[in-house]
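The residues making up each chain are set out below.
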Amino acid sequence: MLGRLKRRIVSLRWYLIARGFLTPPTYAEGARLTPKRLLNLYLGRYHFMRGDTKLRSHPTRLTVEPTNVCNLRCPGCFTGVGETGRERSFMSLDLYRRLLAELGDYLLEIEFYNWGEPLLSKDVYTMIRDASQRGIGTIVSTNFSMPFDAGRAEQLVASGLTTLGVSLDGASQASYEQYRVRGSLERVLDNCRLVNEAKRKLNAATPRMVWEFHVFEHNVDDIETAKAMARELGMEIAISKGWVDGPDWQPPGHVVREIGPDVPARFPCTYLWEKAVVNNDGGVAPCCGAFYDEDDFAQLKVGAADLGAATFMSVWNNESYQQARALFTAREGPESARKLICFDCPVTVSWERYKQHQAAGGRPEDFKGDHSFNDGFIYFFNRRHLFGGEAIDLQPVDVPTQAAADVAGGSSLPV
């Protein structure tokens, strides 16, 4: 009897592992699940489980940065505090379409945002449409505090965008603008209404609209009001903990229950096996936390004469990527590996300590770690001093810029 029970438990365990391996990820929303995409997904998961450093799989997710220009001055953002990690510009359609031609048959999702406001790019609607037509799920995260009209709303809806995330960290102008510096809450809400009207006019089910609420001490009392406002607008709401400079802020218990506990990473960094990041200038970063071009793993040329010079997949398996993946087997290596942004990343360090915890006989649920989510944010922000600068003071700065309407026209202006 006992032996039969053990066999059933083992069989159930392998069943759950197999089901998890074969189930498409939640981010596949809006994607056409072709045989090629599914086989690539499973091959990538196989490489990830083995800790392989050289991959035959393509990335299943892609972050592209339509622009690194932004109209707001959020104090928890490199761009918002006036840092320049690379030249302010707009991604060229040539570069984007080159990536899409090479990776599009394998991608399940493209994120059109990183360190800038994506809707300031005149090409973003075309970029989304091109991806949608290939059966790729698409997501934009916007501050939405900019000139917008019914025509642009219809363009956005007609592009086939799957998900529109709207950064709204407050239910009143007074609380909202403490983080979204120079933003207008009423303008954001009006723009959300324009998208809803465009969806009705075009009889479109998408984009799914999500109110993205980052919780801080100054807006924690706005959560319930924000939920009600989101319902009125037909939006979902996603509540997460906001980044803060200095000692980590712990939200009240009722908020923790909504956003989940801040647990240490108990798995390797999925970016290195699954998700590619290409910035506005063609810089290939290891993850979305890397801002400075000194931390890029490669540079894809964007000039017309250089479009055939290198494939993305040659970058995906270059020395930097392979060394970074190897850190999750053993956090060591030559000097070039130790200089990578991944070497001291809290995710890498937490994984190393988790393996030590397991080797000592510890249970997974007992692993506490010593890095919080906020520590990762501080780690990336403090990279600046490695490149001849000082650690960043996270205070918003007022950098002169042209009118947002001019930016929306697509002019390549420095900010």
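For the structure, check the block above.
Our subject in this report is the structure included herewith. (Residues numbered from 1 in each chain as written. Predicted model: local features only at pLDDT ≥ 70, side-chain atom pairs only at ≥ 80, totals over all residues. Heavy atoms only, no water.)

**Regarding unusual backbone geometry**
- In this structure, Pro207 follows Thr206 across a cis peptide bond, with omega equal to 10°.
- Within the chain, Phe144 stands out as a residue other than glycine whose phi angle is a positive 55°.
- Summarising the element assignment, Phe144 is placed in the loop between β3 (137–142) and α5 (150–158).
- One non-glycine residue, Arg182, lies in positive phi territory at about 80°. (Helix = DSSP H or I, 4+ residues; strand = E, 2+ residues; numbered from the N terminus.)

**Some remarks on the sheet that holds β3**
- One open sheet holds the nine strands; their spatial order is β6-β5-β4-β3-β2-β1-β7-β8-β9, and the pairing between them is mixed. Every other strand in the sheet has two partners, leaving β6 (236–241) and β9 (298–299) as the edge strands with one partner each.
- Pairing between strand β8 (residues 283–285) and β9: two bridges, direction antiparallel. Bridge pairing in β9 places Gly283 opposite Gln299. (Pairing = 2+ DSSP bridges.)

**Details of the pattern of salt bridges**
- Following the criterion strictly, the structure yields 26 salt bridges and no others.
- Close ionic contact of Glu109 with Arg61 constitutes a salt bridge, the shortest N to O distance being 3.1 Å. With a gap of 48 residues between them, Glu109 in strand β2 (residues 109–112) and Arg61 in strand β1 (residues 61–64) connect regions that are remote in the sequence. Side by side, Glu109 and Arg61 carry an identical accessibility label, which is buried.
- Between Glu274 and Arg61 there is a salt bridge whose closest N-O contact spans 3.5 Å. Highlighted residues: Glu274 in helix α10 (residues 271–274) and Arg61 in strand β1, separated in sequence by 213 residues. (Salt bridge = Lys/Arg side-chain N within 4 Å of Asp/Glu carboxyl O. Buried < 20%, exposed > 50% of the residue type's maximum accessible area, 1.4 Å probe, protein only.)

**Some remarks on the environment of Phe343**
- With respect to the element layout, Phe343 can be found in the loop between α13 (335–338) and α14 (346–359).
- Judged by its relative accessible area of 8%, Phe343 falls in the buried class.
- With 16 residues separating them along the chain, Phe343 and Leu327 place their C-alpha atoms 7.0 Å apart.
- Leaving out residues up to four positions away in the same chain, Phe343 has contacts with Leu327, Arg331, Glu332, Ala337, Arg338, Thr348 and Val349. (Contact = heavy atoms within 4.5 Å.)

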